[in-house]
Amino acid sequence: YISKSQYDELIERGEIYIMNDNGDPIVIKYDETVYYMVYEGEEEEVIDFNNSSKIILKKNYYPFETVIIESSTTLYLNDKVMKSAPAFKDETDGSTNSYGLWVKSGGEITIIGNGTIEARDADYSMAVWANGGSVIISGGTYINHGDGCDLIYASNGGKVVIYDGEFKATEYKGLEPGTGNKHSALNIKNSDREI
């Protein structure tokens, strides 16, 4: 089943990305010989992290675009899974990137409760990136993939405070540059160590 707006996009673009029940992206290509089941119900929920001071996940959340935080909010995981948007390509260096939460300057997020934030396999796979913003972690499970990527990363003056949680950092296999540690659960950009 696809929504009416997804069907319209499929007709216009010739293909669309949708998420399966596990939050993995799949591609649907338009074929005029195929009958598509279109529903008129509610669209997939898009959570506005920048215009709400309190977010409670009501179901597993698989956003289509990277969640960027540029204001202040509290996220209650509520025993749900938040799997990052499909990896995107950085146009400057060609790397693939996947961030569960990308907290930029001016952004602040407090994460509370049981649940999971998972980044997808990519050259740079981070469950949480404090890129100038502030992150307070009070629970949850954090997972990333890739070769030795940093699970929780701080740069550009970003701050991370951890009170509780479970951290499952991907293993370093030596194929890509990284810290060289077997697992890199928490790291800060070298040039920002004095901040």
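Residues numbered from 1 in each chain as written. Predicted model: local features only at pLDDT ≥ 70, side-chain atom pairs only at ≥ 80, totals over all residues. Heavy atoms only, no water.

Draft legend 1. Geometry of the overall build of the protein. Along the protein, the regular secondary structure elements total 1 helix and 17 strands. Within the span of the protein, comprising 195 residues, buried residues form 42% of the whole. Partitioning the contacts of the protein with sequence separation of at least 6, the portion at a separation of at least 24 is 62%. Summed over its atoms, the accessible surface of the protein is roughly 11,000 Å², and 46% of this surface lies on carbon and sulfur atoms. (Helix = DSSP H or I, 4+ residues; strand = E, 2+ residues; numbered from the N terminus. Buried < 20%, exposed > 50% of the residue type's maximum accessible area, 1.4 Å probe, protein only. Contact = heavy atoms within 4.5 Å. Areas by Shrake-Rupley, 256 points an atom, 1.4 Å probe, with all protein chains shown as cover.)

Draft legend 2. Fine view of the pattern of salt bridges. The final tally for this structure, using the stated rule, is 3 salt bridges. Across the salt bridge formed by Lys29 and Glu15, the nearest N and O atoms sit 2.6 Å from each other. Taken together, the positions of Lys29 in strand S3 (residues 25–29) and Glu15 in strand S2 (residues 15–19) put the pair 14 residues apart, joining distant regions of the chain. Classification of Glu15 by relative accessible area gives partly exposed; the value is 23%. For Glu171, the salt bridge is made with Lys182, and the minimal N-O distance between the two is 3.1 Å. (Salt bridge = Lys/Arg side-chain N within 4 Å of Asp/Glu carboxyl O.)

Draft legend 3. How the structure looks around the environment of Leu10. Secondary-structure assignment places Leu10 in helix H1 (residues 4–13). Overall, the relative accessible area of 0% leaves Leu10 in the buried class.

Draft legend 4. View of the pairing of strand S7 (residues 72–76). Pairing analysis gives 3 bridges linking strand S5 (residues 54–56) to S7, with the strands arranged parallel. From the neighbouring strand, Lys54 faces S7, where its bridge partner is Thr74. Relative to strand S11 (residues 108–112), S7 runs parallel, the two being bridged by 5 bridges. Across the sheet, the residue bridging to Ser72 is Glu108, located in S11. (Pairing = 2+ DSSP bridges.)

Draft legend 5. Inspection of the packing of aromatic side chains at higher detail. Counted under the stated rule, the structure contains 7 aromatic pairs. Seen in terms of ring centroids, Phe88 and Trp102 are 6.5 Å apart; in terms of plane orientation they differ by 10°. Their pairing is stacked. Within this pair, whereas Phe88 is found in strand S9 (residues 88–89), its partner Trp102 is found in strand S10 (residues 96–104), the two being separated by 14 residues in sequence. Residue class for Trp102 comes out buried when judged on its relative accessible area of 15%. Relative to Trp102, the ring of Tyr99 has its centre 5.1 Å away and its plane inclined at 70°; by these criteria the two rings are edge-to-face. Summarising the burial analysis for this pair, Tyr99 and Trp102 share the class buried. The structure contains a cluster of three or more aromatic residues connected by ring pairs, namely Phe88, Tyr99, Trp102 and Trp129. (Phe/Tyr/Trp six-rings, centres within 6.5 Å; stacked < 30°, edge-to-face > 60°.)

Draft legend 6. Up close: unusual backbone geometry. You will see that Asn78, though not glycine, has its phi angle at about 55°, which is positive. As for its position among the elements, Asn78 is in the loop between S7 and strand S8 (80–83). For Asn78, a relative accessible area of 35% translates into the label partly exposed. Look at Asp79: it is not a glycine, yet its phi comes out positive at around 60°. Its place among the elements puts Asp79 in the loop between S7 and S8.

Draft legend 7. Fine view of the environment of Ile112. Here Ile112 shows up in strand S11. Here the alpha-carbon distance between Ile112 and Ile56, two residues 56 residues apart in the chain, equals 9.6 Å. If we ignore the near neighbours within four places in the chain, the residues touching Ile112 are Thr74, Leu75, Tyr76, Leu77 and Ser138.

Draft legend 8. Fine view of the side chain of Thr141. Along the chain, the position of Thr141 falls in strand S14 (residues 134–143). On the accessibility criterion, Thr141 (15% relative accessible area) is buried. Non-local contacts of Thr141, meaning those with residues more than four positions away in its chain, are made with Gly115, Thr116, Ile117, Glu166 and Lys168.

So far we have only geometry, and geometry alone does not tell us how the molecule works.
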